[in-house]
Each structure stands twice: as C-alpha cells, then as structure tokens.
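Structural overview
Okay, here's what each chain looks like letter by letter:
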Amino acid sequence: MISAVARTSMRTRAVGRVLRSDGHHNTSPNGMHLPFDTQKKGFKYIYWGSCAFFSALPVIAAWWQIRKGNGTKNY
C-alpha cells in the first residue's frame, strides 16, 4: 500500500512535469519551420518517391549481389 506522502510526491512531480512542458507551445503555419517548401505542387510525390526509393535500396542492393552470382555471367 502506498503511503499518503508517496502519493503526494508522485502527484507533485506529475503536475510539475506538465507545467514545464507547457512552455513550448509555439504555433507556426504548416511547414514554415522546415527548410523547404511543402506547399509546392510536386512535393508529396518527391517526398514519397524518395522514401520508397531509400526504403527499397537495401533490397535492390541484396538483389544485385545475389544476381552477380559467382562471376560466370556477362553484364
């Protein structure tokens, strides 16, 4: 069973944590804090395309290494 003193100290730490984190409430328009323009027409295609490419890159590299085989194929 938790004593009243322990419960009070736990409650005090939780309230203090919330008060400390509340000071970082700076609002900015969408994408204004980024070093590139997110409102451009093709941004989403470039973003998702680069995410897909860099996610697939290890699989492509593994396929290339397996495809090379033992050096008997001509490229």
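No experiment lies behind these values; they were computed from the predicted model shown. (Residues numbered from 1 in each chain as written. Predicted model: local features only at pLDDT ≥ 70, side-chain atom pairs only at ≥ 80, totals over all residues. Heavy atoms only, no water.)

**What to know about the overall build of the protein**
When helices and strands are tallied, the protein shows two helices and zero strands. Taking all 75 residues of the protein together, 4% fall into the buried category. Element-wise, carbon and sulfur atoms account for 64% of the exposed surface of the protein, whose accessible area totals about 7300 Å². (Helix = DSSP H or I, 4+ residues; strand = E, 2+ residues; numbered from the N terminus. Buried < 20%, exposed > 50% of the residue type's maximum accessible area, 1.4 Å probe, protein only. Areas by Shrake-Rupley, 256 points an atom, 1.4 Å probe, with all protein chains shown as cover.)

**What about helix H2 (residues 43-68)?**
An α-helical turn contains 3.6 residues, so a residue and the one three or four places further along point in the same direction. Taking 1.5 Å of rise per residue, 26 residues should cover 38 Å, and H2 covers 36 Å from first to last C-alpha, within 8% of that figure. At Leu57, H2 shows its strongest bend, of approximately 40 degrees, with the proline Pro58 following within four residues. (Expected span 1.5 Å × (residues − 1). Bend = angle between axes of the 7 residues up to and from the residue.)

**Here we look at the packing of aromatic side chains**
Summed over all chains, the structure comprises four aromatic pairs. Plain terms: the ring middles of Phe43 and Tyr47 are 6.0 Å apart, the flat faces sit at 25 degrees to each other, and that makes the pair stacked. In this pair, Phe43 and Tyr47 are both assigned in helix H2, four residues apart and thus about one turn of the helix distant. Looking at Phe43, the relative accessible area reads 24%, which means it is partly exposed. The exposure class of Tyr47 is partly exposed, given its relative accessible area of 39%. Taken together, a centroid distance of 5.1 Å and an interplanar angle of 80 degrees make the contact between Tyr47 and Trp48 edge-to-face. Residue classification places Trp48 among the exposed residues on the basis of a relative accessible area of 58%. Aromatic rings pair up to connect Phe43, Tyr47 and Trp48 into one cluster. (Phe/Tyr/Trp six-rings, centres within 6.5 Å; stacked < 30°, edge-to-face > 60°.)

**Some details on a nonpolar patch on the surface**
A cluster of nonpolar side chains, contributed by Phe53, Phe54, Leu57, Ile60, Trp63 and Trp64, occupies part of the molecular surface with about 660 Å² of accessible area. Relative to the assigned elements, Trp64 resides in helix H2. On the basis of relative accessible area, Trp64 is assigned to the partly exposed category, the value being 40%. (Patch = residues over 30% accessible without salt bridge, like charges linked within 9 Å, V, L, I, M, F, W, Y side chains within 5 Å. Salt bridge = Lys/Arg side-chain N within 4 Å of Asp/Glu carboxyl O.)

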